[in-house]
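Reading the structure
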Amino acid sequence: MALQLGDEAPNFTADSTDGEITLYDYLGDSWGVLFSHPKDFTPVCTTELGEVARLKGEFDKRKTKVLGVSVDPVSSHKDWVGDIKDATGQALNYPLLGDPDRKIAGLYGMIHPNADNSLTVRSVFVIGPDKKVKLTITYPASTGRNFEEILRVLDSLQLAANYSVSTPVNWKEGDDVIIAPAIPDDEARAKFPKGFRTVKKYLRYTPQPNR
Ligand code: BEZ
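The text that follows walks through the structure, step by step, so that each part is easy to find. Every residue gets a number counted from 1 within its own chain, in the order that chain's sequence is written. Where local features are concerned, this predicted model is filtered to residues with pLDDT of at least 70; where side-chain atom pairs are given and counted, the filter is 80 or more; whole-chain, interface and lining totals use all residues. Side-chain numbers here rest on the full set of heavy atoms in the structure, without hydrogens or water.

1. A look at the overall build of the chain
Put simply, DSSP marks the helices as runs of H or I at least four residues long and the strands as runs of E at least two long, and each gets a number from the N terminus on. Secondary structure summary: the chain contains seven helices and eleven strands in total. Referenced to the eigenvectors of the C-alpha coordinate spread, the extents of the chain come out at roughly 60 × 40 × 30 Å. To sort residues, take the accessible area from a 1.4 Å probe on protein chains only and compare it with the maximum for the residue type: under 20% means buried, over 50% means exposed, and anything in between is partly exposed. Evaluated residue by residue, the chain yields a buried proportion of 44% over its 211 residues. Any two residues having at least one pair of non-hydrogen atoms within 4.5 Å are treated as being in contact. Taking the intrachain contacts of the chain between residues at least 6 apart in sequence as the baseline, contacts between residues at least 24 apart amount to 65%. Per-residue and other accessible areas were derived by the Shrake-Rupley procedure at a 1.4 Å probe size, with only the shown protein chains allowed to occlude residues. Carbon together with sulfur atoms contributes 50% to the accessible area of the chain, which is approximately 10,500 Å² in total.

2. Examining the pairing of strand S10 (residues 197–200)
Strands are treated as partners if at least two bridges between them are detected by DSSP. As paired elements, S10 and strand S11 (residues 203–206) share three bridges and run antiparallel to each other. Note on S11: the bridge partner recorded for Thr198 is Arg204. If you look at the hairpin formed by S10 and S11, you'll find two residues sitting between the two strands.

3. Thoughts on helix H2 (residues 43–54)
Here the expected span of a helix is defined as 1.5 Å times the quantity of residues minus one. Taking 1.5 Å of rise per residue, the twelve residues of H2 would be expected to cover 16 Å, and the 17 Å separating its terminal C-alpha atoms lies within 8% of that figure. Every buried residue of H2 is accounted for by Cys45, Thr46, Glu48, Leu49, Gly50, Val52 and Ala53.

4. Quick word on the pattern of salt bridges
Salt-bridge detection follows one rule: a side-chain nitrogen of Lys or Arg within 4 Å of a carboxyl oxygen of Asp or Glu. With the rule as written, the count across this model stands at 16 salt bridges. In this structure, the salt-bridge partner of Glu48 is Arg145, at a minimum N-O distance of 2.6 Å. Here Arg145 lies in the loop between strand S7 (133–139) and helix H6 (147–163) and Glu48 lies in helix H2, a separation of 97 residues in the sequence. Note on accessibility: Glu48 and Arg145 belong to one class, buried. What you see here is one network of salt bridges that share partners, running through Glu58, Lys61, Arg62 and Asp155.

5. Points about the site of the ligand
Neighbouring the ligand are the residues Pro38, Thr42, Pro43, Val44, Cys45, Arg122 and Ala141. The backbone of Pro43 places a nitrogen or oxygen atom 3.4 Å from an oxygen atom of the ligand. Expressed as a share of its isolated accessible area of 260 Å², the protein-covered part of the ligand is 75%. No other element matches H2, which puts three residues into the shell around the ligand. Its residues assigned to classes, the shell around the ligand comprises five nonpolar, one polar and one charged. Residues are labelled near a given molecule or strand when at least one of their non-hydrogen atoms is within 4 Å of it. Side-chain atoms alone can form a polar contact between residues adjacent in sequence; in general such a contact is a pair of N or O atoms within 3.5 Å, and within protein one must be able to donate a hydrogen while the other accepts it. All amino acids are sorted into three groups, where Ala, Val, Leu, Ile, Met, Phe, Trp, Tyr, Cys and Pro are nonpolar, Asp, Glu, Lys and Arg are charged, and the leftover types, Gly among them, are polar.

6. Digging into helix H4 (residues 74–88)
An α-helical turn contains 3.6 residues, so any two residues separated by three or four positions project in the same direction. Compared with the 21 Å implied by 1.5 Å per residue over 15 residues, the 20 Å span of H4 between its first and last C-alpha is a close match. Considering bend angle alone, the principal kink of H4 is centred on Trp80 and spans about 30 degrees. All of the buried residues in H4 are Val74, Ser76, His77, Trp80 and Ile84. Turning to H4, the residues buried within the fold contact H2, strand S4 (64–70) and strand S5 (96–98). A positive backbone phi angle near 80 degrees is found at Gly89, which sits one or two residues after H4. Bend, at a single residue, is the angle you get between axes fitted to the 7 residues ending at that residue and the 7 residues starting at it.

7. Section: the packing of aromatic side chains
Between rings of Phe, Tyr and Trp, where Trp is taken as its six-membered ring, a pair exists when centres lie within 6.5 Å; planes separated by under 30 degrees are stacked, by over 60 edge-to-face, and by other angles tilted. On inspection of all chains with the given rule, the structure shows five aromatic pairs. The interplanar angle of 85 degrees and the centroid separation of 6.2 Å between the aromatic rings of Phe12 and Tyr108 together place this pair among those described as edge-to-face. With Phe12 in the segment before strand S1 (13–14) and Tyr108 in helix H5 (residues 103–108), this residue pair connects regions lying 96 residues apart in the sequence. Side by side, Phe12 and Tyr108 carry an identical accessibility label, which is buried. Centroid distance Phe35 to Phe147: 5.4 Å. Interplanar angle 70 degrees. Geometry classified as edge-to-face. You can see Phe35 sitting in strand S3 (residues 31–36) and its partner Phe147 sitting in helix H6, a full 112 residues away along the chain. Looking at Phe35, the relative accessible area reads 1%, which means it is buried. Cluster of aromatic residues (ring-pair linked, three or more members): Phe12, Tyr108 and Phe125. We call a charge positioned over a ring when the NZ of a Lys or the CZ of an Arg lies within 6 Å of the ring centre and within 35 degrees of the ring normal. Positioned over the ring face of Tyr26 is Lys65, at 5.3 Å from the centre of the ring. In this structure, Lys131 packs its charged tip against the face of Tyr24, placed 5.6 Å from the ring centre.

So this is what it looks like as structure tokens:
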């Protein structure tokens, strides 16, 4: 069965552009984003990998380590890195895993045979410090992902983990957040000193607590 939210993220050891990596050691107590791309030397993938390099500082701010993977070998990734720099202006600043024997692709269900029998689809897995899967997204090969959205979800996940709040539709950094319905009003007053407004008994907004 496909990996689901709350499942333990499978550990693995694999070669990468930065040498051999064991996922759990690489992540330590950080958050992680493991994302697959279908194939090296392809246009959409080139733009995506450059964009993740551009956003690396944003992932760092969120104590989040990024890791790319495809079924191509590391030797191919290393040949491609120069193209990514030429095309996007970004030097690769995070590891790209090689997976020629499809070990990682198998563990994470990154090959969808009815879409393509041999290439990985565009999967994203956010992994929490507890090594549990917090987010899965799957895009087709023809659509480049929006990595700003991955950052937005990380912000939401980290607020939920640290403050027992959730984020409403189209939420963005700085907008009000929602207090978990399980927290009674008395407790909410103590926990959220900036106050809250009640729209319905189960819908209470409070200013973003970490600002
Ligand atoms: C691309 O990155 O452009 C791509 C990769 C594999 C299949 C189709 C498109």
